[in-house]
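# Coordinate analysis (summary)
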Amino acid sequence: MKRRDFLQKSALALAGTAALSSELLALKPKKGIVGIQLYSIRDDMKKDPLANLKKVAEMGYTDVEHANYINRKFYGYSAKEFRKILDDLGLKMPSGHTVMGSKHWDEAKNDFTDSWKQTVEDAAICGQKYVISPSLDISMRKDLDQLKHFMDVFNKSGELCQKSGMKFGYHNHDFEFSLKLSSVRVYDIIMQNTDPKLVAQQLDIGNMYGGGGRALDLLAQYPGRFELMHVKDEIKSESEHGGWESSILGVGVIGTKEVIEVGRKMGGTKYFIIEQESYQGKAPLDAMKEDLAIMKKWGY
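The notes below deal with the structure included here. The model shown is predicted, which means the values in this text are computed figures rather than measured ones.

### Observations regarding empty space enclosed by the protein
- Enumeration over the complete set of coordinates arrives at one cavity of 30 Å³ or more.
- Computed from the structure, the largest cavity encloses a volume of approximately 30 Å³.
- Lining the largest cavity, in full, are H66, Y69, F74, G96, T98, T119, A123, Q128 and V131.
- Across the lining of the largest cavity, the residue classes tally to four nonpolar, five polar and no charged.

As structure tokens, this is what we get:
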């Protein structure tokens with residue numbers, strides 16, 4: 001073989017190897033499904049939902065989580081209209097936040113009100129896998145027996161969601177860790193009185209910090225219970241969440257990268273929803289773009 005032919009064939013072989021390596025790298029599976037909690041850009045969504053959903057899609061987000069369902073409308077659109085908007089933008093909405101309170105359960109009928117049934121129905125239309133209640137009525141935080149009874153309602157909501165191929169879920173704040181009823185931490189009451197087959201937990205790793213909750217401790221205490229996670233980091237604050245506020249991932253005290261890795265390996269976490277509620281002078285959309293880049297760098 002002539003030297004020139006040898007060099008040409010060697011160069012082609014190297015190019016082919018590089019291309020194959022690039023393809024294999026591109027095919028490397030991500031560690032989980034990453035989404036954005038739209039509350040992170042709440043003011044932008046209030047002004048122009050369509051334009052800002054488009055911006056989110058252009059950033060590289062493929063999944064969103066809503067935080068606005070009022071009078072059977074998502075950000076002003078019916079369930080069918082909002083589903084079409086998402087589909088047209090190539091977005092999915094596996095989960096959404098709608099508070100389920102005492103007003104949604106009719107004790108006399110031992111059944112849910114039409115309002116909650118419609119909430120579940122509309123969530124299914126939008127393609128949700130999880131209907132998540134992001135808080136707990138203050139009235140339910142005063143008495144142990146009353147809270148246990150409401151956890152039965154949580155389980156029943158799970159049964160209702162299951163009929164539509166979904167699962168009910170709960171998202172914590174900070175009070176669940178700072179408040180005790182009959183010497184038992186509220187979060188433990190929730191975990192010990194809900195059926196994992198019916199009620200998923202969305203662990204907000206930032207909100208809990210000011211109330212004394214630590215994500216790694218929870219993941220160890222309740223392995224496999226956290227199907228979803230709100231991915232956050234926290235820095236000192238003068239006003240929010242017991243002296244802490246959310247920040248760009250990786251700059252605060254949470255140890256976010258380690259927490260999400262443990263969540264993936266031990267917690268059963270598949271959905272990693274980025275949420276940032278404070279921005280330290282950055283535009284919310286810019287912060288969310290930066291957070292997504294960090295998650296991608298971490299392999300998500």
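### Here we look at helix α3 (residues 49-59)
- Turning to α3, its buried residues number three or more, namely P49, N52, L53, V56 and M59. When α3 is viewed along its axis, its buried side chains cluster within an angular range of 115° and face the same direction.
- Buried residues belonging to α3 abut β1 (33-37), α2 (42-47), β2 (63-66), α4 (79-89) and α11 (284-297).
- A positive phi of about 120° marks G60, the residue just after α3.

### Structural notes on the pairing of β2
- Side-chain alternation along β2 places D63 and E65 on one buried face and V64 and H66 on a second face that is also buried.
- In this structure, β1 lies alongside β2, joined through three bridges in parallel fashion. Within the sheet, the bridge partner assigned to I36 lies in β2 and is V64.
- As defined by bridge partners, β2 adjoins strand β5 (residues 92-97) across three bridges and the pair is classed as parallel. Within β5, the residue paired with D63 across the bridge is K92.

Reading the values: rules and limits
Residues numbered from 1 in each chain as written. Predicted model: local features only at pLDDT ≥ 70, side-chain atom pairs only at ≥ 80, totals over all residues. Heavy atoms only, no water. 1 Å grid on protein atoms, 1.4 Å probe; cavity = no way out; pocket = protein on both sides within 12 Å on 5 of 7 lines; lining within 4 Å. Points joined across faces, edges and corners; volume = space filled by probe spheres on them. Nonpolar A, V, L, I, M, F, W, Y, C, P; charged D, E, K, R; others polar. Buried < 20%, exposed > 50% of the residue type's maximum accessible area, 1.4 Å probe, protein only. Helix = DSSP H or I, 4+ residues; strand = E, 2+ residues; numbered from the N terminus. Arc of directions from axis to C-beta. Contact = heavy atoms within 4.5 Å. Pairing = 2+ DSSP bridges.

Function cannot be inferred from these measures alone, as they are strictly geometric.
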